[in-house]
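Listed below, chain by chain, are the residues.
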Amino acid sequence: MKNNDCDIVKDLSIQYIEDMLSSNSREFVDNHLLNCKDCKKYYNDMNSNIFNENIKNDKKDEIEINHLKKIRNHMNFLKIIITSILIVIIVIMTTFSIKYYNISNVINEAYNKLEYMKNLDNYKLIQETTYKNFLDNSMYTVKTTYYYKDGKYKIELGDGIRYLEDDSYNKICVYNDLKQIEYYTQDFIEEKKGDTLNVFSNIRNYKTLEKGISRLGLSLREERFNGIDCYVIRRGNNNSYRDIWIDKKQKVTLRMVEEEYMHHYCETVYTFFENMVKDEDVDSSILNTEKYKNYEKKNIGIHDTKYKDL
Ligand SMILES: [Zn+2]
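Cut-off values and rules
- Residues numbered from 1 in each chain as written.
- Predicted model: local features only at pLDDT ≥ 70, side-chain atom pairs only at ≥ 80, totals over all residues.
- Heavy atoms only, no water.
- Donors = N, O, S within 2.8 Å, 3.2 Å for Na, K, Ca; no water.
- Buried < 20%, exposed > 50% of the residue type's maximum accessible area, 1.4 Å probe, protein only.
- Helix = DSSP H or I, 4+ residues; strand = E, 2+ residues; numbered from the N terminus.
- Contact = heavy atoms within 4.5 Å.
- Axes fitted to C-alpha atoms, helices over the stretch in contact; angles between N-to-C directions.
- Parallel < 35°, antiparallel > 145°, perpendicular 65-115°, else oblique.
- Left-handed = near helix turned anticlockwise from the far one by under 90°.
- Nonpolar A, V, L, I, M, F, W, Y, C, P; charged D, E, K, R; others polar.
- Pairing = 2+ DSSP bridges.
- Patch = residues over 30% accessible without salt bridge, like charges linked within 9 Å, V, L, I, M, F, W, Y side chains within 5 Å.
- Areas by Shrake-Rupley, 256 points an atom, 1.4 Å probe, with all protein chains shown as cover.
- Salt bridge = Lys/Arg side-chain N within 4 Å of Asp/Glu carboxyl O.
- Lys, Arg positive; Asp, Glu negative; His and termini not counted.
- Charge placed at Lys NZ, Arg CZ, Asp CG, Glu CD.
- 1 Å grid on protein atoms, 1.4 Å probe; cavity = no way out; pocket = protein on both sides within 12 Å on 5 of 7 lines; lining within 4 Å.
- Points joined across faces, edges and corners; volume = space filled by probe spheres on them.
- Phe/Tyr/Trp six-rings, centres within 6.5 Å; stacked < 30°, edge-to-face > 60°.
- Lys NZ or Arg CZ within 6 Å of the ring centre and 35° of its normal.

> Would you take a moment to explain the coordination of the zinc ion for this structure?
Ideal geometry at a metal gives 109.5 degrees between four tetrahedral donors and either 90 or 180 degrees between six octahedral ones. Every protein donor of the zinc ion is accounted for by Cys-6 (SG), His-32 (NE2), Cys-36 (SG) and Cys-39 (SG), and the metal-donor separations fall at 2.0 to 2.5 Å. Mapping the donors of the zinc ion onto the primary sequence gives the spacing C-x25-H-x3-C-x2-C. Accessibility expressed as a relative area gives 8% for His-32, which makes it buried. For Cys-39, a relative accessible area of 0% puts it in the buried group.

Pasting the structure below:
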């Protein structure tokens, strides 16, 4: 009978421990456990086994949770890294885009202005260049004045004058120091309308040749020159550079400064006038007047382009 009780109590052990017995059954088990050492031991062992099992499971869970936490932390870290990289890329691209846009804007405006100037029928351009050589400490200045009116040019350069015409094979060179006037017929057409303004070739090159990445090698700043607000486009660094100064309002190039560190410094200043040239400024018939009476006049004929001067 007692053995039979033992079997029943053992069968009920799980429900007992899990507290799933009715109060009558629980009382029956409690009473039996008070008197039966064997069952008491069985119950204690059971209890501690389940306890250990629970601890094991808890530990397993904890390890798993820790593992998941680690993965989550790694994911968060990756997210932060990727987001940071994306932000840096976006900032760099935005900065470069703004820089490219601003420089391109200035170049385009100056180029459009140059194209407009080339179509003018009346302009005068003074170009003054100062060159300093740091190697031998020498220095010189050159002033060239271009007059253009209705297809005719007069170019004053140093001690000489040159007369030209658009789409013409004729050229006249006046050498004041030699008191000599030479009349040429060339084997090519010297000038097309607006050609004298090729002195602004840098702007044309920036517009037509230097695009994309190479334009990012340029930098833009704003500065004043002779009281005029200017954009300054620089290629190079603080030691060796070429700066082009563009009138912010008129879009005309006012100045070009070139320096090669410890080697040379070269500055050209441009002054541009519209509608100030008179017919007599570009009229070569002045060479037949009293003023040039003492000049030797040479008819050169076809001029070999290899020896083109002035
Ligand atoms: Zn028992």
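Now that the structure is up, let's keep going.
> I'm lost on the side chain of Gln-127 in this one. Help?
Structurally, the position occupied by Gln-127 is in strand 1 (residues 122–133). For Gln-127, the residues in contact, after removing those within four places along its chain, are Val-142, Lys-143, Thr-144, Tyr-146, Val-199, Thr-268, Val-269 and Tyr-270.

> Help me out: how do you make sense of the packing of helix 4 (residues 37–118) against helix 5 (residues 201–208) in this one?
Axes are the key here: two packed helices are described by the angle between their axes and the distance separating the axes. At a closest axis distance of 9 Å, the pairing of helix 4 and helix 5 adopts a crossing angle of 125 degrees. One way to sum up the angle between helix 4 and helix 5 is to call them oblique. Classified by chirality, the crossing of helix 5 by helix 4 is left-handed. From helix 4, Ile-107, Asn-108, Ala-110, Tyr-111, Leu-114 and Lys-118 reach across to helix 5, where they touch Ile-203, Arg-204, Tyr-206, Lys-207 and Thr-208. Of the residues in the contact of helix 4 with helix 5, the class split is six nonpolar, two polar and three charged.

> Looking at this model, I keep getting lost on the pairing of strand 7 (residues 218–225). Mind explaining?
Each regular strand carries side chains that alternate between the two faces of the sheet. Relative to strand 8 (residues 228–236), strand 7 runs antiparallel, the two being bridged by eight bridges. Bridging from a neighbouring strand, Leu-220 pairs with Ile-233 of strand 8. With antiparallel pairing between neighbouring strands as the criterion, strand 7 and strand 8 make up a hairpin whose turn holds two residues, including Asn-226 at a positive phi of roughly 50 degrees.

> How should the packing of helix 3 (residues 23–35) against helix 4 be read in this particular structure?
Packing of helix 3 against helix 4 brings their axes to within 6 Å, and their N-to-C directions diverge by 115 degrees. Between helix 3 and helix 4, the interaxial angle falls into the category roughly perpendicular. As for the relative orientation of helix 3 and helix 4, their crossing is left-handed in sense. Between helix 3 and helix 4, the contacting residues are Val-29, His-32, Leu-33 and Asn-35 on the first element and Lys-37, Cys-39, Lys-40 and Tyr-43 on the second. Residues belonging to the contact of helix 3 with helix 4 are distributed by class as follows: four nonpolar, two polar and two charged.

> Can you help me understand a negative patch on the surface in this one?
A contiguous patch of negative charge, built from Asp-58, Asp-61, Glu-62 and Glu-64, is present on the exposed surface. Following the sequence through the fold, Asp-61 ends up in helix 4.

> Could you clarify how one ought to interpret unusual backbone geometry in this entry?
Residues other than glycine predominantly adopt negative phi, and peptide bonds predominantly adopt the trans conformation. The residue Asp-19 is not glycine, and still its phi comes out positive at about 60 degrees. Mapped onto the fold, Asp-19 is located in the loop between helix 2 (13–17) and helix 3. The exposure class of Asp-19 is exposed, given its relative accessible area of 54%. For Asp-167, which is not glycine, the phi torsion reads 50 degrees and is therefore positive. Tracing the backbone shows Asp-167 in the loop between strand 4 (160–165) and strand 5 (170–175).

> Can you help me understand empty space enclosed by the protein in this one?
Once rolled over the atoms, a probe with the size of a water molecule shows which space is left empty. Summed over all chains, the structure comprises two cavities of 30 Å³ or more. Taken together, Ala-110, Leu-114, Met-117, Phe-200, Ile-203, Lys-251, Val-252 and Thr-253 make up the lining of the largest cavity. The element contributing the most residues to the lining of the largest cavity is helix 4, with three residues. The computed volume of the second largest cavity comes to approximately 40 Å³. Val-199, Phe-200, Asn-202, Ile-203, Ile-244, Thr-253, Met-256 and Tyr-270 together form the lining of the second largest cavity. Among the secondary structure elements, those contributing two or more residues to the lining of the second largest cavity are helix 5 and strand 10 (253–260).

> Just to check I follow, could you spell out the packing of aromatic side chains for this structure?
The description of an aromatic ring pair rests on the distance of the ring centres and on the angle between the ring planes. Counted under the stated rule, the structure contains nine aromatic pairs. Look at Phe-225 and Trp-245: their rings are 5.9 Å apart centre to centre, the planes differ by 55 degrees, and that puts the pair in the tilted class. Placement of Phe-225 in strand 7 and of Trp-245 in strand 9 (residues 241–247) is noted, with a sequence separation of 20 residues between them. Taking relative accessible area as the criterion, Phe-225 reaches 12% and is therefore assigned buried. Taken together through their ring pairs, the aromatic side chains of Tyr-123, Tyr-148, Tyr-153 and Phe-272 make up a single cluster. The ring of Tyr-16 carries the charged tip of Arg-26 above its face, separated from the ring centre by 4.3 Å. Lys-154 extends its terminal NZ or CZ atom over the ring of Tyr-147, reaching a point 4.6 Å from the ring centre.

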